[in-house]
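Structural description and commentary
What follows is each chain in one-letter form.
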Amino acid sequence: MAPSFPSEWDDDERMSFLFSAFKQSRDVDSADWDSKMGFWIPLIVKHAKAQGLLSITLRQVQTDFTRKGSAPLGLGIVVQEMLRQGSLQRESDYVAGITSGWVSWGMRQLVIKPLRSALSSVLGGQLNLDEPFVVPEIIKAQAAAVLQKYRTSALSAVPLLSEDDVHGLCKDLIPGQSALQLVLLQLMRDKKVCLLQRDDERLVKFVQEGNSHVTPIGDTDIGIYELQKSEKLLSERLKSGCEESSKLTEEARSFNKAGNKNQALRCLRRRKLVEKRISALQGKLDTIQGILERISMAETDRKVVSAYEIGVSALRSTLKDVSLEKTESLVEQIQEFCDLQDDINQTLSGVGISDLDVDTDDLEKELNEILQSDEADFPEVPTGPLITSPQRVHDNKALDMSGLMSSLPDVPSASIMGSPGRPTVPKTNRGASPQKHPALFQ
C-alpha cells in the first residue's frame, strides 16, 4: 500500500527543503531542524499505522518516501531523534524492558529468539539500514486488539493456549509470526499474558475477565490443557471413525449390487471393527468431557465461595460496632421518647385560650336561651296561599276589621267619674301592657 502523503508533497520548493540534509546540530539552525522534524516524525508514525507495521527499518522508510527518484537525505537523523524521544525503540531494548521480577530470563529468551537478531550498530554516525525499530504506540494498540479478540472468541473459556492457536485466532490482525512475538511481549509487559516453553510447544496464558493481571502458569493449568488437548484429539478421531464407517457401508452396498457378496461381507466386518473403536473413543471422550465439566463447576464454586467470603467480610466490617444489646437499648430509648412526645402533645392540646374557669353546663344553658329568644322575635310564617287579586285583598281586610271590632269589650253605658266626654280606664287594667291581638301580626 502506497503511503498517504500530505498536500505539500506536490510542492517542489517545499519538498526540496524537506529532502535536504540536516545541519550538523540543532544549535546551528533551530528553525530548519524543527521544521523538518515536525514534518517527518508524524508522517513516519502515520505511515506505519496505515501499513500496520509494528517495526520499520531505515532502508524501508527511505524506499517508501522516495520522490521523483530521490530519497530524503536526513531520515537517519530523524530516526535517531525518534529513538531519543521514544517514538521508536530498538528491538533488543524493547525486549530487555521486561522486568526480571515478572518474567524470568528463560521467558525473555522465548521472545527474543524468534526476533530478528540484527545487531544495533552506529558506524560513523550512521545507522544500520536493515536494523529493525519497533513502534511502541502501534504495538500497544495491536496488543489491546488481540486481548479483545481473545475475550470475544470461543477460546475465552480456555485459559491456556498454544502459540499456534493464538496465531490462528489473530491472523487477521497480525499475519506475521515475528509481529505476533512483539505483541505477546507487550502483553507480557502489561501483565496480561504469561508464556511458557514446554517440550516443542509454546504455551500462552491470557488474563481472565475481571482480573487485573494474569497469574503464573501452574500444574493445574497444564493439566487442564492436556485434558483439552486429549478432548480435541479424541473428537478428531471420532469424527474420522464415523466417516470411515459410513464409507464402508456405502462400499458394502455397492459390492452387493455388483454381485460380489464376499467383498461386501468383508466391508461389513471392517465396519464392525470401526464401530467398536468408535464406541471405545466415545467412552473416553465422555470421561474427559465429564472431568472438564467438573473442573468448570469447581471453578464456579470457587468463585461463589470467594464471593461469599467477600460478603461475610463486608458484613462483619459493616456490623463491627453494632450489637444486639446496643440495638435493644436504642429501640427502648426511641419508644421512651415517642411516649414522652405523645404526653407533651396531649398536655399542650388541653391548654385553654384564657385563664377563666367557666363551667361548660352554664355555657350550654346560655346558648339555649339565646336560641329561644331568637325564635320568639320572629313572626310565624303564613302557610296559606298568597292572595294576588285586589278584590280578595279588600275582602280579607274587611273580615279582619270585623273580627277586630267583635273582639273589643262593650262600651259601658253608665256614667263614669272622670273628665266630661272622656272615658275612664278601669283600675284593673291600669299599668298593664296593651294586649297585642294576633290578627294584627298576620
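Before going into details, it helps to say that this report is about the structure given with it. All values reported here derive from a predicted model rather than from experimental measurement.

Pairing in this open sheet of three strands is antiparallel, and the strands run β6-β8-β7 from one edge to the other. The sheet is open, and its two edges are formed by β6 (160–162) and β7 (193–198), each paired on a single side. Geometrically, the sheet is characterised by an average inter-axis angle of 30° between neighbouring strands, direction not taken into account. Here β6 pairs with strand β8 (residues 201–206) via three bridges, running antiparallel. What sits directly across from S162, in β8, is L203. Relative to the sheet, helix α8 (residues 163–170) contacts β6 and β8, its axis offset from that of β6 by approximately 85°.

Below, the discussion takes up the side chain of Q142. Examined against the element boundaries, Q142 turns out to sit in helix α7 (residues 136–151). Taking relative accessible area as the criterion, Q142 reaches 14% and is therefore assigned buried. Those residues within four positions of Q142 in sequence are excluded, and the remaining contacts are L54, L173, I174 and V183.

So, about the nonpolar core. What tends to happen in soluble globular proteins is that the nonpolar side chains get buried as a cluster. Ranked by internal contacts, the top residues of the largest apolar core, which has 64 residues, are W9, W40, I44, V78, L88, L187 and F206. If one sorts the elements of this core by residue count, helix α2 (residues 30–51) sits on top with nine residues. Other than its neighbours up to four places away in sequence, L88 contacts I56, V79, M82, L83, F133, V134, V135 and P136. In this structure, I224, L234, L248 and V274 belong to the second largest nonpolar core, which totals 10 residues.

Conventions we followed
- Residues numbered from 1 in each chain as written.
- Predicted model: local features only at pLDDT ≥ 70, side-chain atom pairs only at ≥ 80, totals over all residues.
- Heavy atoms only, no water.
- Pairing = 2+ DSSP bridges.
- Helix = DSSP H or I, 4+ residues; strand = E, 2+ residues; numbered from the N terminus.
- Axes fitted to C-alpha atoms, helices over the stretch in contact; angles between N-to-C directions.
- Contact = heavy atoms within 4.5 Å.
- Buried < 20%, exposed > 50% of the residue type's maximum accessible area, 1.4 Å probe, protein only.
- Core = buried A, V, L, I, M, F, W, Y, C linked by side-chain atoms within 4.5 Å.

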